[in-house]
Amino acid sequence: MIDDMESTMSRGKAAKLLGVSVKTLQRWEREGRLLPIARTDSNRRLYTEAQIREFIGLRQAVSEPTRLIAYCQVSSKANRYGTRRVLADRWYPSSRLCSVCGWKHEALTLKDREWT
C-alpha cells in the first residue's frame, strides 16, 4: 500500500503528464509496462508522481540507443553515396534554409510550403 504522504493522481492526470492518451496508458497497463500503484474503492487506478518520473526516465533510456542506431544507419548511407549529413537538434531551421547557398528565410511560416 502507498504512504499517506505520497501524492497520487488519476489515470487521466498521469496520461497528461506523460503526454499520451488514456488509451495508451491502458495498453501499457495490459502489457505490464506501467502498472497503477493502487486502486480506489471504486476501482479507479492511482499513480504516484515518483512512479511517473521513473517511467519517463526509463522511456528516455530506451530511446537513446534507438537514436544512436538510426544515426549510424544514416551516417553509413551518407558516406556510401557521398551526400552531406547534418546532425540537427529539434529546433534546427531546416525548412527555412536554402540547400544551395544556406540563406535563412526568417519570414517563412509553417503554412508556407515552397519558396525560392
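Quick summary incoming for the structure in this document. (Residues numbered from 1 in each chain as written. Predicted model: local features only at pLDDT ≥ 70, side-chain atom pairs only at ≥ 80, totals over all residues. Heavy atoms only, no water.)

Attention now moves to helix 2 (residues 22-31). Among the residues making up helix 2, those that are buried are Thr 24, Leu 25, Trp 28 and Glu 29. Down the axis, helix 2 shows its buried residues gathered within 145° of arc, on one side only. Residues Lys 23 and Arg 30 are exposed on helix 2 and point more than 90 degrees away from its buried face. Directly after helix 2, the chain includes Gly 32, whose backbone phi takes a positive value near 80°. (Buried < 20%, exposed > 50% of the residue type's maximum accessible area, 1.4 Å probe, protein only. Helix = DSSP H or I, 4+ residues; strand = E, 2+ residues; numbered from the N terminus. Arc of directions from axis to C-beta.)

This paragraph deals with the pattern of salt bridges. Considering all chains together, one arrives at seven salt bridges under this definition. Here Glu 29 makes a salt bridge to Arg 39, at a shortest N to O gap of 3.2 Å. Remark: Arg 39 occurs in strand 2 (residues 38-39) and Glu 29 occurs in helix 2; sequence separation between them is ten residues. A salt bridge links Glu 29 to Arg 45, with the shortest nitrogen-to-oxygen separation between them at 2.9 Å. Of the two residues, Glu 29 sits in helix 2 while Arg 45 sits in strand 3 (residues 45-48), which places them 16 residues apart along the sequence. (Salt bridge = Lys/Arg side-chain N within 4 Å of Asp/Glu carboxyl O.)

The residue Thr 48 is located in strand 3 in this model. Thr 48 sits in the buried class, given a relative accessible area of 2%. A polar side-chain atom of Thr 48 sits 3.0 Å from the main-chain amide nitrogen of Gln 51. (Polar contact = N/O pair within 3.5 Å; in protein donor to acceptor, adjacent residues only side chain to side chain.)

On to the packing of aromatic side chains, then. Per the stated rule, a full pass over the model turns up one aromatic pair. Taking the centre distance of 5.0 Å and the plane angle of 50° together, the rings of Trp 28 and Phe 55 count as tilted. Remark: Phe 55 occurs in helix 3 (residues 49-81) and Trp 28 occurs in helix 2; sequence separation between them is 27 residues. Overall, Trp 28 belongs to the buried group, its relative accessible area being 4%. The exposure class assigned to Phe 55 is buried, which follows from its relative accessible area of 6%. (Phe/Tyr/Trp six-rings, centres within 6.5 Å; stacked < 30°, edge-to-face > 60°.)

Function-wise, these values are silent; they only describe arrangement.
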